[in-house]
Amino acid sequence: MKTPVTIIALLLTLLVTSCVQKSYKKTIVFTLDASEIKNSKKVGIRGNDKPLSWDYDTKMKEIKKDSLYEIAVTFETGYKFTEVKFVVNDTFEFRDKENRRVLFSEKDTTFYNAKYNMR
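Rules of the game
- Per chain, residue numbering runs from 1 following the sequence as it is written.
- Residues qualify for local features only when their pLDDT is at least 70, as the model is predicted, and side-chain atom pairs are given and counted only at 80 or more; totals for whole chains, interfaces and linings, by contrast, use all residues.
- Only hydrogens and water are set aside when side-chain values are computed; all heavy atoms of the structure are taken into account.
- Planes of paired rings set the category: under 30 degrees apart is stacked, over 60 is edge-to-face and the rest tilted, where pairs are Phe, Tyr or Trp rings (Trp by its six-membered ring) whose centres lie within 6.5 Å.
- Here, a charge over a ring means that NZ of Lys or CZ of Arg falls within 6 Å of the ring centre while also lying within 35 degrees of the ring normal.
- Segments assigned H or I by DSSP are reported as helices when at least four residues long, segments assigned E as strands when at least two residues long, and all are numbered from the N terminus.
- Each residue is placed in one exposure class: buried if its accessible area under a 1.4 Å probe, protein chains only, is under 20% of its type's maximum, exposed if it is over 50%, and partly exposed if it falls in between.
- A strand pair is defined by DSSP finding two or more bridges across the two strands.
- To obtain each axis, a line is fitted to C-alpha atoms, and for helices this fit is confined to the stretch in contact; angles are then taken between N-to-C directions over 0 to 180 degrees.
- The working definition used for a salt bridge is a side-chain nitrogen of Lys or Arg within 4 Å of a carboxyl oxygen of Asp or Glu.

Here we take up the packing of aromatic side chains. What the rule picks out here adds up to 4 aromatic pairs. In this structure, Arg101 packs its charged tip against the face of Phe81, placed 3.7 Å from the ring centre.

Shown next, in the form of structure tokens:
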């Protein structure tokens, strides 16, 4: 039978050597060229990591009228990438195709330039 001291030592060892993955704050500045879409009224981004969601658009800021949009998103993650899709006028890009996979830079900020893909 193990003594209470041995049990406590075992519990402390388990807590210290836990396999919880360390998380980091990573920012991505997304820039979207939507110049091929006429009359862009609503431009956003969706994704699988908070603060983004697949359930609703996160609005992007218009940088150049009807063509260039931007947003900076900060993720707290232990992963090396995130997945996103852009949405213009409530229409997803890459319908029925894979999401965009964006790799986080080794630095704190990643710059990701994209062109809206209507296919």
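Take unusual backbone geometry next. Only a minority of non-glycine residues have a phi that is not negative, and only a minority of peptide bonds are not trans. Following Lys50, the chain continues into Pro51 via a peptide bond in cis, with omega recorded as 15°. Mapped onto the elements of the fold, Pro51 is located in the loop between strand S2 (43-47) and strand S3 (58-59). Look at Asp66: it is not a glycine, yet its phi comes out positive at around 55°. Under the relative-accessibility criterion, Asp66 is labelled partly exposed at 27%. The phi dihedral of Asn89 falls on the positive side, at around 50°, and the residue is not glycine. Within the element layout of this structure, Asn89 appears in the loop between strand S6 (81-88) and strand S7 (91-92).

In space, the 4 strands of this open sheet follow the order S4-S5-S1-S9, with mixed pairing throughout. With one partner strand each, in any of the chains shown, strand S4 (61-64) and strand S9 (109-115) form the two edges of the open sheet. On average, each strand axis in the sheet is tilted by 30° relative to the strand beside it, whichever way the strands run.

It is possible for side chains bearing opposite charge to pair when their charged atoms get close. For the structure on display, the rule yields 6 salt bridges. As a salt-bridge pair, Asp33 and Lys115 come within 3.8 Å of each other at their nearest N and O atoms. Of the two residues, Asp33 is situated in strand S1 (residues 24-33) and Lys115 in strand S9; the sequence distance between them amounts to 82 residues. Owing to a relative accessible area of 41%, Lys115 belongs among the partly exposed residues under this scheme. The shortest N-O distance in the salt bridge between Glu83 and Arg101 comes to 3.7 Å. Of the two residues, Glu83 is situated in strand S6 and Arg101 in strand S8 (residues 100-103); the sequence distance between them amounts to 18 residues. Note on Arg101: relative accessible area 52%, which makes it exposed. Here the salt bridges do not stand alone but share partners, grouping Asp33, Glu36 and Lys115 into one network.

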